[in-house]
Every structure is written in structure tokens, then in C-alpha cells.
Number of protein chains: 2
Amino acid sequence: MASVENILAIEAALAELREFLGERVSAAEAVREHHSHGESTHAPGMPDLVCFPRSTEEVSRIVKVSARYSLPVVPFGAGTSLEGHVHALRGGISIDMREMNRIVRVSVDDMDATVEAGVTRKQLQKALENTGLTFFIDPGADATLGGMTATRASGTTAVRYGTMRENVLGLTAVLADGRIVPTGTRARKSSAGYDLTRLFVGSEGTLGVITEVTLRLHAQPEAVTAAICAFETIEGAVKTVIEAIQLGVGVARIEFMDEHQVDAVNRYSHLDLLVKPTLLFEFHGVSEASVEEAARMAESLSNEHGGLGFQWQTTLAERERLWKARHDVYYATRALRPGSNVLTTDVCVPISRLAECIVATRADLDELSFPAVMVGHVGDGNFHVQCLLEPDQMTEADAFAERLVERAQAMGGTCSGEHGVGSGKKKYLKAEHGEGLEVMRMLKRSLDPENRMNPGKILDLD
Amino acid sequence: MASVENILAIEAALAELREFLGERVSAAEAVREHHSHGESTHAPGMPDLVCFPRSTEEVSRIVKVSARYSLPVVPFGAGTSLEGHVHALRGGISIDMREMNRIVRVSVDDMDATVEAGVTRKQLQKALENTGLTFFIDPGADATLGGMTATRASGTTAVRYGTMRENVLGLTAVLADGRIVPTGTRARKSSAGYDLTRLFVGSEGTLGVITEVTLRLHAQPEAVTAAICAFETIEGAVKTVIEAIQLGVGVARIEFMDEHQVDAVNRYSHLDLLVKPTLLFEFHGVSEASVEEAARMAESLSNEHGGLGFQWQTTLAERERLWKARHDVYYATRALRPGSNVLTTDVCVPISRLAECIVATRADLDELSFPAVMVGHVGDGNFHVQCLLEPDQMTEADAFAERLVERAQAMGGTCSGEHGVGSGKKKYLKAEHGEGLEVMRMLKRSLDPENRMNPGKILDLD
């Protein structure tokens, strides 16, 4: 990429960007390095320039400059991506959204909010305090809402409140030619034309830069209770989840930890959980009576399926301790083998195949040379594997990750439930989408004929 | 269209189609006439040929023939469309899906089902009896699930169970060149690439023919109760709905009828409901206690907002009588002025603007020369107006419908909450989508460069 033409193009682009961004465009090595990677082990990629716009109009101007000089554009949120989405694999302009962090409006009656793409989920939650509403989607990291939209993120509450797919009502995107496209209306539903909103949700910056998002909010539940239950077998735990959902029990979260994960959590969070396949439940309802009823139904199902004692966590302190332990699994796992590399991957299968998939994956892991744990949003059929690796175990882990995806796809599942494709999972899309992959290429070419928008992510264009 | 070349093309296409469809392709006048229109008053359009395929492969072969002879393709479901979707405005081949009526699979554990596009919603509901599951989306008519997918349909239960947008997990579409594209996986969620499923949901046959759909199912509620309540004012009714949703009360349906609609229902269904703005409620829950709790909360909110007596309908007979009356509003309205034409239109606004929109619409109607009623899925901000017209009142009604859409759009709403665009609402999309409309054209051109797939619907291509 470092041809003379390219160097001249970057210098000319920098001069143009400087005119309206001033100090908010940088070519400094340290800034570029910071924007060369997310949190994964995928190969980094340095952008040539980094911009910090403050409005959709500025993003549009940046993208127009990129078009004039044929430079790639890579959106950058909180940098918490796990599949290489923000790596500037072909250089170009990284657009860091951190200064687009205004909450544009909140409507309590409509239960929605419009935010700039750089607002993080915790920032939004804080802004919603005392409104009676909240935003539940929680991918773990304090990601930006733009990044969560771009990767179609979800998390522990998806079983009840859905993913970004269901919770983005509309957005604003800047296309490759700089045009500004608002999608959706503020109506809750519409049958008026193609669903452009859903086309951009999960497009990972490859169709345009998302600059603003309108989100569906949910009522803060009047009553909450939680519980934890260890099981003799993985099958018993999964069967409990399936039946709870079939019965319409109001679970807001059902999380699974395998026994290796429980062991790590015990050590890290100083707990003494039974080292067995374990479910964590949270119930939301309109009254104490309704959440108690839901929890009793879950307790009864657990007992039927080999539960080893359903422990209610009714106080806020107990609940917070439990969910803090769940949220800290990433660190708990790392602490099992300090200093090691972590490969984190996720798949999602139909829930009828989930127990089989987890059991087969554990059997596979037991043959390998590195420690690994499993944790999952089991109500959705989604689970994660974290592998703790020495440098010489990366190849072995990559081969495992391939087998995991092939196993999930063979069961009718997907190569990624919530982390996205980025550069890391492109190779799996042909098997998953067949002819659909070529349709994705047709759509990409129609909106970005020069392949400048986050090139090398999701699709390889020939 | 009746050029010599065109006549020869149709004859040649007929001969080719006859080879693999036999008697399942027709050029008979009566068959073509039947496929020239839905249930709206929009101008009909006769197809040149009508095909009755039995498989996705046959649909693919039909579309390949259409491509060879440059003939338009118009999918046809149950013919219940209200915006002219199935009218063959440029002739060509109507593909009637009635013989693609197999339920391919039902998975109780995964709570999903795959059906061919010609399966109707009542047929699916019947097939689900005794599974503990059901499919809730109910647009009134016994539409096909392919047609409901293509128009992004919804209905009375969307407030709780969502629309086709949320309930289609995947589908199979045949593109303009005959290629067969499966979308989605059987996993509940995925972050693996563009959301092709949502692109086809609501595309009204303009991007391809939908031949198979995988649907999310829901648990049959263990307990159901219903209620009806008249209100002094429209504002009071809407305020009750807003607060019920904010509190997370488990309403499965909240329907609004204006006093003219209530009057029509009284006459038609021999009821003696108070002739006032009225809400119909249905509550679903896991137990009698939970639905009773929900209903009590709704009762208390109704009382606060000018409710004139909250009447519980706890027995199945009472509930069925109530919802039958609601479902019969179309016929009840027609009976107000037998033999008249009915213009049925729908808009959807943010719920915070709903009362204002309904009041302004009623004031508008009160100045006009024809009777009209309003009924709505008020939890979504969606309402319908039915106008009963003599032939010489059509122009007046069309002008009213335009004002209605402009009012809804000015409030941040949409020109159609659930009926779709078809040929009837194309003119409103520029105001609603702005630059997004050109993006829709780019997508359409990329998948259907010759504009043969249901031409003249949603988009005009220049």
C-alpha cells in the first residue's frame, strides 16, 4: 500500500481533513497503532489517518474525502471487537466515534431513545436513570451503541428482550459516496418499503458508517429475582431451559456455565459454587408475586431434570454478587493461566441441538493441550468457548475453532451468534449461506462499488 | 403491451411452461381475471399466464422462463392484499402459491416451523393443535404465510408477539434469474453477515419470489383473560395503553375502536356496547393469578384515565364473542352502507402522538360526505380507517387518505403500519424515506436489473 501515489493521496487527504477537523485528525503513530486492533488475536492493521468527527455531517465530509483519494474507511467504536472488525487491513481512514457521544432524545411515552453512535451502553443506562426505562442489551464490554448495531450484538438478556436486530428502530448511515441516509421512522412498525434498518444492523461498517441509532427501550421491571442451580448433566440443564421457555416462564436471563467455568469463577470471585454444569436465572415481572411464581416454575423444572438444589437469590446484594461473578468470567478465565493468549469464539445452534453440541465440544476440548471453558446464553442456543493459549498452541486452537463452527453449522446453526464476522470468520460464510453469500456481494457492490467501506470484513470481493 | 413480439413471447413461454407444469399453467380469461386483483379498489392488472407450482424448483424454472422472454413475475397468495400487490400491472406471469401448501417441519423444542409459502395462517394454527405452541400473527384475513412475509404483516397481537419482521427466522427466495437463495439458519440469532431474511420480509415480491418460510412459534398461554372498557375520551384510552406498556403489564392485545366503529359492531354483532371510544384487552400469562394481576393493573389504569367501567370477560364464550365482534369489524362496517365501496387504509405513528392523530383524523372525517370508522392496534400506534363510499366519493376519499398519511408522517410515523405499499402507497415513500428511497432503488437494481419482479410495486424505477 505504501506506493508513492498512496503516500501523496494520504497527505492530500490529511490536508483536506485538517481544514474542517483541525486537531481532530491525526497521523501520529501512537494514535494509528491504538486504532489498529480490537480485543482479538487477529492480525492488526494500521490506518493511515484517524479522525474524530462530532456530527453526521462531518462523517459525510470525511467519507467524501476518502472517496476523492480512494482511501478505505474503517469505523471505530470502543475497540472491544472480538473478530477484527476495526482493523484497518488496507490502511485508510479510521473514524473514531468517541466524540459523537450525545444522547439526542429520550421519549418515555414512546419508550425509545436516539443516540449518536459513540454513546456507550453504560452511558445510555445512566442517562435513563429515574425514567423507569432501561436498555437491556449487554454484550459484556461497555461497547458503543454504534458498534453494537454494526455487529448485531446481544448478550445475556436476549432471551427476553431480543438482540440489536429487534431493538434498533432506525439509524443514520453515511454511504461510500458520503450521502447521508436516515432509515426507519419513529413508528414501532412499518410495512413501507425495504427494511434498510435491518440491512445496516450487522453490516459491520461494510455498507456505510452508522452515525446515529434510535433504540427501543424497555420498562425497568417492578420486581426481579434470581437463582442458581447446578445440574448432574448438561442435558438436564438444557432440558430445563427448553421447558421453561415453552411454558412461557418470564425468564430475563438464563446463563449456562460448564464445570470448568464454575471452577474458574469460584477461584476468581471467592465463591463456593458446586463444580457442575450450572444455570443462572433472572426473572423480571410486574410484582413480587409474579417473579416468585416464575422462579417456582423454574425450580420445579430444575428438580425434574437433575437439578442439585435451586438456590434463590432474592436480595439485591445476592443478585449482584451472582451476576458480577457471571460478568467477570472473562477475567476469571484469564486468571486460570495468567499471561496467556485468550481465543474467544461463539457459535449458536437450535436449542434442540444445544446439549449435544456442548457435550461434543467438551469432548473435543478434553483431547487438547490447553485449558478452555464454556459459558452460554443458553436460552438462545448461543455459547462461547474461551481457550487459554501459549503462543505455540494457536494453531491447535484455530483448528479446534474450525471444528466448533463446522459442528454448529452441521446442526443448523451459525458460525457467530453475536460476535460477528469481521476478518476472523469470513471463511465460514460460504458453508453457512451458500447462494446467499453471492447475494450479499451483489448488495455490497451496489452500495460500495469501489469496496472502500471496511474492506476485508464479512466479504471477500473478487 | 400487446405488441406482436409480446404475444409471441407469451405463447413461447406458455409452451415451455406447459412442458413441466402440464395443466398447472393457464392462459384462460377467467383464471387471469381472478389473478388481476386483491381486495382493494386499486386498478387491477391482468397477468398473461397463471402458474401453480408445487416446489421451489418449479418456481425457479418458471422464473427462468420469464427471464428468457422478459416477462414480469407477480407472486399471488390468498389474494387478500389491500394495496394492489398482486395486480399484474404490466402483465406477465402470476405465480399462484396455493399448491405449495405443505408444512415442512415443526420443532416443538425449538419452537419453530418451516412452511411452504402457500400455507395459510389458519392452516398452520390447525397443524399446531396439541403441540402447546401456536402462531399468533393475525392480519384478519386468512392470508398465506408467504404473502404475510412479503408484506411484513402483523395484526392484533403485535404488541406482545411482534410482526413478521420479528417472527420470520429464515426463508427461501427465488431471484429474478431463477437462482434459489435460502436465508438465515435455524439458530435463534446470528451475527454472520447481512440480514437477507429481513431484506426479503416486506419486499412484496419485488426482489424475488418467497417460496418457503421458517417461523418462530410461541407457547400457547396457560391462562387468558380479556376485558372491554369504554372511555370518555380518546386521550384517556391512549394514556391507559401507554402506561400499561410502560409498567410491563402482560397485554397480548390492546385494540381501539372509535365510537362510530362501536356503533357498527353493536348493530352487526347484536351487542350493546357503550357508544364511546373503547379498548379491548387480552392478557396472556402462565397462570390464572398472573393474568388476573395484569388485568387488575389495566383496570386500575383505566379508572384513572376516564374509563367508564372495566368489564372482565373471563369465560371462553365471553372472550370469543368479544373477539369475534372485533374480527368482524370489516363486515360490520360494510353493513352500515350495503353495496358501497370500502377504502381501507392504515398508518402508524409514535404512540405519544396517537391520540392527537386519531382526534385530528376524526375531525377531518367529520367534514366529509361519507361515513367512516376507525379501529386500531393501539399498542403499536397503528390504526385503520375504513371509508364507505359511493362511486362519486372516491376522489374525496383519496384526498382524505393523502391528508391522513401526511399527518402521520409529520408526526414521525409511517404511511403503512401493516398493509404495505403495493401500487397504492408508492407516492408517499419519498417523503418518508428521503435518500433511503434511492438506496432501495440501488438494492432493487442490484438483484433485479431488468425490473421484472413485481414491477410497479413499492418503487418506480427511472
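### Structural notes on the overall build of chain A
Link 1 in the chain: When helices and strands are counted, chain A shows 17 helices and 18 strands.
Link 2 in the chain: Whereas a compact globule of 462 residues would reach a radius of gyration of roughly 23 Å, chain A reaches 23 Å, a difference of no more than 12%.
Link 3 in the chain: Principal-axis analysis of the C-alpha atoms gives chain A an extent of 70 × 55 × 40 Å.
Link 4 in the chain: Across the 462 residues in chain A, those meeting the buried criterion constitute 64%.
Link 5 in the chain: A sequence separation of at least 24 residues applies to 72% of the contacts in chain A between residues at least 6 apart.
Link 6 in the chain: A total of about 16000 Å² of accessible surface is found on chain A, and carbon and sulfur atoms cover 50% of it.
Link 7 in the chain: Treating the 47 positive side-chain charges of chain A as one cloud and the 64 negative ones as another, the clouds have centres 4 Å apart.

### Observations concerning the relation of the copies chain A and chain B
Link 1 in the chain: Between chain A and chain B, which share one sequence, the superposing operator has a rotation angle of 180 degrees and an axial displacement of 0.0 Å; the RMSD is 0.0 Å. Each copy turns onto its partner about a two-fold axis.
Link 2 in the chain: Residue by residue, 100% of the interface of chain A is reproduced at the interface of chain B, so both copies engage with the same surface.

### Comments concerning the side chain of Ser340 of chain A
Link 1 in the chain: Looking at the element boundaries, Ser340 of chain A is found in the loop between helix H13 (329-334) and strand S16 (341-348).
Link 2 in the chain: For Ser340 of chain A, the side chain forms a polar contact with the main-chain oxygen of Arg337 of chain A, separated by 2.7 Å.

### Quick word on the packing of aromatic side chains
Residues and elements named next belong to chain B.
Link 1 in the chain: According to the stated counting rule, one finds 10 aromatic pairs over all chains in the structure shown.
Link 2 in the chain: Note on Phe281 and Phe310: the rings are 5.3 Å apart at their centroids and 50 degrees apart in plane angle, and the pair reads as tilted. Of this pair, Phe281 sits in strand S14 (residues 278-285) while Phe310 sits in strand S15 (residues 307-313), placing them 29 residues apart in sequence.
Link 3 in the chain: On the basis of relative accessible area, Phe281 is assigned to the buried category, the value being 1%.

### What to know about the sheet that holds S15 of chain B
All names here are of chain B.
Link 1 in the chain: Taken together, the 7 strands give an open sheet; going across it, the order is S15-S12-S14-S13-S17-S18-S16, and neighbouring strands pair in antiparallel fashion. Pairing within the sheet leaves two strands with one partner each, and these edge strands are S15 and strand S16 (341-348). Between one strand axis and the next, the sheet turns through 15 degrees on average, direction left out of account.
Link 2 in the chain: Sheet topology places strand S12 (residues 223-231) next to S15; 5 bridges connect them, and they run antiparallel.

### Considering the packing of helix H9 (residues 234-246) of chain A against helix H14 (residues 354-366) of chain A
Residues and elements named next belong to chain A.
Link 1 in the chain: Put simply, H9 and H14 touch, their axes get as near as 9 Å, and they point 155 degrees apart. When the interaxial angle is binned, H9 and H14 end up roughly antiparallel. Our pair here, H9 against H14, has a crossing hand that is right-handed. Along the contact surface, H9 presents Ile234, Glu235 and Val238, while H14 presents Leu354, Ala355, Ile358 and Val359.
Link 2 in the chain: Of the residues belonging to the contact of H9 with H14, the class tally is 6 nonpolar, no polar and 1 charged.

### Some details on the pattern of salt bridges
Link 1 in the chain: This model, assessed by the stated rule, comprises 73 salt bridges over all chains.
Link 2 in the chain: A salt bridge links Glu99 of chain A to Arg54 of chain A; the nearest nitrogen and oxygen atoms lie 2.6 Å apart. On the criterion of sequence distance, the pair formed by Glu99 of chain A in the loop between strand S4 (93-96) and strand S5 (103-107) and Arg54 of chain A in the loop between strand S2 (49-51) and helix H3 (56-68) is long-range, its members being 45 residues apart.
Link 3 in the chain: By relative accessible area, Glu99 of chain A is classed as partly exposed at 27%.
Link 4 in the chain: Residue Asp366 of chain B is joined to Arg362 of chain B by a salt bridge in which the shortest nitrogen-to-oxygen separation is 3.3 Å.

So, how was this worked out
Residues numbered from 1 in each chain as written. Chains lettered and ligands numbered in written order. Predicted model: local features only at pLDDT ≥ 70, side-chain atom pairs only at ≥ 80, totals over all residues. Heavy atoms only, no water. Helix = DSSP H or I, 4+ residues; strand = E, 2+ residues; numbered from the N terminus. Rg over C-alpha atoms; globule rule 2.2 N^0.38 Å. Buried < 20%, exposed > 50% of the residue type's maximum accessible area, 1.4 Å probe, protein only. Contact = heavy atoms within 4.5 Å. Areas by Shrake-Rupley, 256 points an atom, 1.4 Å probe, with all protein chains shown as cover. Lys, Arg positive; Asp, Glu negative; His and termini not counted. Charge placed at Lys NZ, Arg CZ, Asp CG, Glu CD. Least-squares fit on C-alpha atoms with pLDDT ≥ 70 in both. Polar contact = N/O pair within 3.5 Å; in protein donor to acceptor, adjacent residues only side chain to side chain. Phe/Tyr/Trp six-rings, centres within 6.5 Å; stacked < 30°, edge-to-face > 60°. Pairing = 2+ DSSP bridges. Axes fitted to C-alpha atoms, helices over the stretch in contact; angles between N-to-C directions. Parallel < 35°, antiparallel > 145°, perpendicular 65-115°, else oblique. Left-handed = near helix turned anticlockwise from the far one by under 90°. Nonpolar A, V, L, I, M, F, W, Y, C, P; charged D, E, K, R; others polar. Salt bridge = Lys/Arg side-chain N within 4 Å of Asp/Glu carboxyl O.

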